[in-house]
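# Secondary and tertiary structure notes
Letter by letter, the chains look like this.
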Amino acid sequence: MRLPLRPHSGSRARFFTLIPLWVSALLLCILAACSSARHVPQGQFLLNKVTVDVENDSTGLLKSDELINYVRQLPNHKLLWSIKFQLGIYNMSGHDTTKWYNRWVRKLGEAPVVYDRALTQASAQQLNKAMINKGFPHARVITDTVANPKSRKMDVTYRLQPGEPGIIGSVNYEFANDTLREMVMQDSAHFVIRAGDILDRNALETQRGIMTQWLRNNGYWAFTKDFITFTADTTAGSQLADLTVTLHERYPQKEGETPRPDTHIPYSIRSIKVLTDYDAMRPAEETQAMLQDSIRYRDLEIFYGKKRYLRPSVIYDNVYFRAGQPYRERDVDRTYEAFSRLGILKFINVRFAAVSDSPGELDAYILLTPGRSQSISFEVEGTNSEGDLGVAVGATYTHRNIGHGSETFTTKLRGAYESISGDLDGLLHNRYMEYSVETDLSFPKFKFPFLRESFKRKIKASTAFNLSFNYQERPEYTRIISTAGWSYRWTERFGRMRHIFTPLDINYVYLPESTNGFLDEIAPDNPLLRYSYENHFIMRLGYTFYYTTKRQDAPWTRQRQSNISTVRASVETAGNVLFVFSSIFNHRSNFHENPYKIFGINYSQYIKLEGDYSFLHIFDSRNSLAFHAGFGIGIPYGNSQILPFEKRFYGGGANGVRGWDVRTLGPGSFPGTNSVQDFIRQCGDIRFDTSVEYRAKLFWVLELGLFVDAGNIWTIRNYPSQPGGVFRFDKFYKQIAAAYGIGLRMDFNYFLIRFDLGMKAHNPARGAEPWPLLHPRWGRDRSFHFSIGYPF
């Protein structure tokens, strides 16, 4: 990692100060464009507003914002719930569609939604059906329409009158035989329908899924939810219904008859065959016949192609069902999940076939298709650091199966060259050069000695080892940064929960030579800056936890997710093991003044805690509101008086308080005036930041963002080089910086490009000055940011 003497900030053109005026002018032009009904045919109406009102719902189960999704025709999308932005763009086009300009503008915009009586009637029917499915058998929908002939607009209101809900009076279960009854009722504690509940068809569907999953996890491979039906017996004048749950037998057995393959019987697995070079264009049996290289490994029969690219033991470890055991669907799901973690595989498929001459037995086929094992990529980039021009080139080599166990080996080489003075003379004399190499070796399983294999399979973690070497040369100094790491990663709950545990991470910074007086020149009284350019050693361990409520199967459908929460927390500590050994073998009481060393180098000792929470509320497919709050603290102790520079927090930037450039905010009320000289001082031991952001889709791939940010950083000790930066409970709330702004994003599905313009609203470095919100100074109080991805 390169740590420059001054921050990288690109040149800022004056036209960015005109962006708000330009945006405002564009909005005014669009709103002032011809009537919103300009392209609506004569005699018809523009659908202006659609409302769903629920009347007299005593249960509170019917929500208007959920039921609106059943409406078949909705008005044009609105920005900030009031501006039909895309319709305004569409109306800027002319009537002549033979002209390319008109076609292009219409493609960017959105055609007017013309009121359709048939779709309104269909919407009423869908709403009525939705209420019946939720347990309101006597529901009805009244549709009110209000037309404005002058503006040629139509407002539609759906008045929902659910009536009294149907109630389950009793629940009875009917089974084809006592064996099924005994098996299913073992799981009755997890049933979701009970007497006294509302007769909700969604709950009935959930019940079918629970019963089906239980049976398929207990050997009933051929069972599907279609065999389960519900019958509700109601009495006239009563809201109570007697519910009968029936589990049908497709082919009833006669007494003494041998069970047929399609009847409900438990299955066990007779054999397991693995085809490592499966061709999806051919049947499995044909592919098996073509693969002549076959071996027997425990209970697996493995058929290889030209290469044995996976070791038999690796295949066996990723199969979670065994020959002779009952069929369990959860074991099949675990097998899919395990094989999907092997980077060498392109496709995975698991099939089962009933043995015709042996009822109750299955043959399992695991079909694997390999992908490319090796790849190499190159990159070239130009750099401009405060006018210092340079170029960097890099190459990355990846091998996804280096040990025939889907181990991934990656090597990255990078070289950079920069002219410090920015002119041709600097190309030969004042220059910065950097060379680096990074290697990473990851295993798709938990690697640790002395642990039982069953534990390693259960935790389903990947193991990674990495090394890096970075050489930096400037006229003033030469610096070498070396790192080594060892970490584990694993996921739970279908990817919603992730863990990273790092038992060991070493960072070693070494300066083999520097210009005489270099440190005294740049940092005569700044321990922060001196520390960054002195030899130091960090040996840490850490843990990171991540959890999200986002479902993987939540597209923009009627079942879309309205609220998504995400939590991220991490803790790391360094130097404790080294300090214990130093205290035992080289004890001294003045280690604060004369710190312990390893290899003749001071080592760091600290603890660092961080936590972030974000919440996303989705109003509809085009509007959402996001919130974020984060906190962090780092405390040096023992062998250290100050946190390592690279472990300290910084303020501002594209993911912080966006009214400030990166590393130009704080700590506290520290009045940083020079981004070059104060860069090293504007870091701290405590951080707090919070943001609220409104996001709206505009047209094409463009999105709008309006945001308000607040936060700052502080130090935990009163350092002379950072006046006003220490955290104090009676002052910190006055030192919270605030900013607001507007952003433009380009969402290409796989990645998002973000442009944000932030404006300072409160600058704690100015004390009691009036807020620029009321006295804007566009030349000094704005900051432009370019980044990839959302800020949170």
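Criteria and cut-off values
Residues numbered from 1 in each chain as written. Predicted model: local features only at pLDDT ≥ 70, side-chain atom pairs only at ≥ 80, totals over all residues. Heavy atoms only, no water. Phe/Tyr/Trp six-rings, centres within 6.5 Å; stacked < 30°, edge-to-face > 60°. Helix = DSSP H or I, 4+ residues; strand = E, 2+ residues; numbered from the N terminus. Buried < 20%, exposed > 50% of the residue type's maximum accessible area, 1.4 Å probe, protein only.

Evaluated as defined, the whole model comprises 29 aromatic pairs. Seen from their ring centres, Phe446 and Tyr488 are 4.4 Å apart, and the 15° between their planes marks the pair as stacked. Linking Phe446 in the loop between β15 (431-443) and α11 (453-459) with Tyr488 in strand β17 (residues 477-492), this pair joins segments that are 42 residues apart in sequence. Taking relative accessible area as the criterion, Phe446 reaches 8% and is therefore assigned buried. Aromatic side chains Phe581 and Phe585 sit 6.2 Å apart centroid to centroid with 5° between the ring planes, which places their arrangement in the stacked category. Pair noted here: Phe581 and Phe585 are both in helix α14 (residues 576-585), with a separation of four residues, about one helical turn. Overall, Phe581 belongs to the partly exposed group, its relative accessible area being 48%. On the basis of relative accessible area, Phe585 is assigned to the exposed category, the value being 67%. Of the aromatic side chains, those joined through ring pairs into one cluster are Phe443, Phe446, Phe448, Phe465, Trp486 and Tyr488.

Before going further, it helps to examine unusual backbone geometry. In this structure, Pro667 follows Gly666 across a cis peptide bond, with omega equal to 0°. For Pro667, the position within the fold is in the loop between β24 (623-636) and β25 (686-697). Although it is not a glycine, Asn56 sits at a positive phi angle of roughly 55°. Of note, Asn56 is situated in the loop between β1 (46-54) and α2 (64-67). Within the chain, Asn749 stands out as a residue other than glycine whose phi angle is a positive 70°. Judged by its relative accessible area of 71%, Asn749 falls in the exposed class.

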